[in-house]
Amino acid sequence: GDQVEQSPSALSLHEGTGSALRCNFTTTMRAVQWFQQNSRGSLINLFYLASGTKENGRLKSTFNSKESYSTLHIRDAQLEDSGTYFCAATGYQNFYFGKGTSLTVIP
Amino acid sequence: DTTVKQNPRYKLARVGKPVNLICSQTMNHDTMYWYQKKPNQAPKLLLFYYDKILNREADTFEKFQSSRPNNSFCSLYIGSAGLEYSAMYLCASSGTSAETLYFGSGTRLTVL
């Protein structure tokens, strides 16, 4: 089965609002990374966390290894935030990806 | 410079013909990865090099080859392309196994 379960699979937000994306892990992971897929299909690094919380502008991410989950919070959503977001988690060498959350920001 | 470079950006191939994709990084990273990305799917790990040691995923073992002649350079080779190989191929590197992944801009392969 999948080692990384990402939810929701799709999300619509009105401009200016916020929400959280979540990844649950079925095995112990020692780090997580969040990516935004750009219009061309490449993956842009948002956060890498081995523990705790990181914040960058309107984005904040938390990783709880003990409880096996990570979240990505988006506040004050803007139209340019629309796209697909992926989490990837690692236990040792490989990164295991979630299936992504497709975010649509509505004017 | 945290850049991973991939060439070419777009690649057209005929069914049954070989394909060679190229990736380079100048960050002296010891691990380089190749992922396959299809629309509405998670990136799928194909293989990775840790230093000179190649690790290939079991379900793609016979479909993809790779070489890493030096620390900076890694290629992905398909011996005989099939229609199902059409996808975005993403190269990534990390400084120590499973530290921050840096992705290249990808090569979009279309097999006709």
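To be clear, the structure that these remarks concern was listed above.
Predicted model, so just to flag it, every value in this text is computed and none were measured.

Examining the overall build of chain B
So, step 1. Each helix and strand in chain B was counted, giving zero helices and eleven strands.
So, step 2. Listed by position from the N terminus, the elements making up chain B come as β-β-β-β-β-β-β-β-β-β-β.
So, step 3. Scaling as 2.2 N^0.38, a compact globule of 112 residues should have a C-alpha radius of gyration of about 13 Å, and chain B matches this with 13 Å.
So, step 4. The buried share among the 112 residues of chain B stands at 47%.
So, step 5. For chain B, contacts bridging at least 24 residues in sequence account for 57% of all contacts bridging at least 6.

A closer look at the state of the cysteines
So, step 1. Following the criterion strictly, the structure yields two disulfides over all chains and no others.
So, step 2. In this model Cys23(A) forms its disulfide with Cys87(A); the gap between the sulfur atoms is 1.8 Å. Across the disulfide from Cys23(A) to Cys87(A), rotation about the S-S bond amounts to roughly -100 degrees, and the bridge is consequently left-handed. In this pair, Cys23(A) sits in strand E3 (residues 19–25) while Cys87(A) sits in strand E9 (residues 83–90), placing the two residues 64 residues apart along the sequence. Side by side, Cys23(A) and Cys87(A) carry an identical accessibility label, which is buried.
So, step 3. The side chain of Cys23(B) participates in a disulfide bridge whose partner is Cys91(B); the two sulfur atoms lie 1.9 Å from each other. When the S-S torsion is -75 degrees, as for the bridge of Cys23(B) with Cys91(B), the disulfide is left-handed.

Side note on the environment of Glu55(A)
Residues and elements named next belong to chain A.
So, step 1. Structurally, the position occupied by Glu-55 is in strand E6 (residues 52–56).
So, step 2. Look at Glu-55 and you get exposed, because its relative accessible area is 56%.
So, step 3. Residues contacting Glu-55, with those up to four places away along its chain left out, are Phe-47 and Lys-60.

A few points about unusual backbone geometry
So, step 1. Following Ser7(A), the chain continues into Pro8(A) via a peptide bond in cis, with omega recorded as -10 degrees.
So, step 2. With respect to the helices, strands and loops of the structure, Pro8(A) is situated in the loop between strand E1 (4–7) and strand E2 (10–14).
So, step 3. Here the bond from Asn7(B) into Pro8(B) is cis, since omega is -10 degrees, no more than 30 degrees from zero.
So, step 4. Despite not being glycine, Ser68(A) has its phi angle at roughly 60 degrees, a positive value.
So, step 5. Looking at the element boundaries, Ser68(A) is found in the loop between strand E7 (59–64) and strand E8 (69–74).

Quick word on the interface of chain A and chain B
So, step 1. On the chain B side, the residues contacting the 19 residues of chain A number 24 residues.
So, step 2. Here chain A and chain B share an interface that buries about 1,800 Å² over both sides, 52% of which is from carbon and sulfur atoms.
So, step 3. Per-residue buried area on chain A facing chain B is highest for Arg40(A), Gln93(A) and Phe95(A); these three make up 39% of the total on that side.
So, step 4. Linking chain A with chain B are one salt bridge.
So, step 5. Across the salt bridge formed by Arg30(A) and Glu99(B), the nearest N and O atoms sit 4.0 Å from each other.
So, step 6. On the surface where chain A and chain B come into contact, there are seven residue pairs in polar contact (both at pLDDT 80 or more).
So, step 7. Among the secondary structure elements, those contributing two or more residues to the side of chain A that touches chain B are strand E4 (31–37), strand E5 (43–49), E9 and strand E10 (95–97) of chain A.
So, step 8. A per-class count over the side of chain A that touches chain B returns seven nonpolar, nine polar and three charged.

A few points about the packing of aromatic side chains
So, step 1. Applying the stated criterion to the full structure yields twelve aromatic pairs over all chains.
So, step 2. When the ring of Tyr35(B) is compared with that of Phe103(B), the centres are 5.6 Å apart and the planes differ by 50 degrees; the resulting orientation is tilted. Here Tyr35(B) is found in strand E4 (residues 31–37), whereas its partner Phe103(B) is found in strand E10 (residues 102–103), with 68 residues between them in sequence.
So, step 3. Tyr35(B) sits in the buried class, given a relative accessible area of 0%.
So, step 4. The exposure class assigned to Phe103(B) is buried, which follows from its relative accessible area of 11%.
So, step 5. The structure contains a cluster of three or more aromatic residues connected by ring pairs, namely Phe35(A), Phe86(A), Phe95(A), Phe97(A), Tyr33(B), Tyr35(B), Phe48(B) and Phe103(B).
So, step 6. Its end group placed over the ring of Tyr69(A), Arg22(A) keeps NZ or CZ at 4.1 Å from the ring centre.
So, step 7. If you follow Arg40(A) out to its NZ or CZ, it ends over the ring of Tyr10(B), 5.2 Å from the centre.

Cut-offs and rules
- Residues numbered from 1 in each chain as written.
- Chains lettered and ligands numbered in written order.
- Predicted model: local features only at pLDDT ≥ 70, side-chain atom pairs only at ≥ 80, totals over all residues.
- Heavy atoms only, no water.
- Helix = DSSP H or I, 4+ residues; strand = E, 2+ residues; numbered from the N terminus.
- Rg over C-alpha atoms; globule rule 2.2 N^0.38 Å.
- Buried < 20%, exposed > 50% of the residue type's maximum accessible area, 1.4 Å probe, protein only.
- Contact = heavy atoms within 4.5 Å.
- Disulfide = S-S within 2.5 Å.
- Buried area = accessible area lost by both parts, 1.4 Å probe.
- Salt bridge = Lys/Arg side-chain N within 4 Å of Asp/Glu carboxyl O.
- Polar contact = N/O pair within 3.5 Å; in protein donor to acceptor, adjacent residues only side chain to side chain.
- Nonpolar A, V, L, I, M, F, W, Y, C, P; charged D, E, K, R; others polar.
- Phe/Tyr/Trp six-rings, centres within 6.5 Å; stacked < 30°, edge-to-face > 60°.
- Lys NZ or Arg CZ within 6 Å of the ring centre and 35° of its normal.

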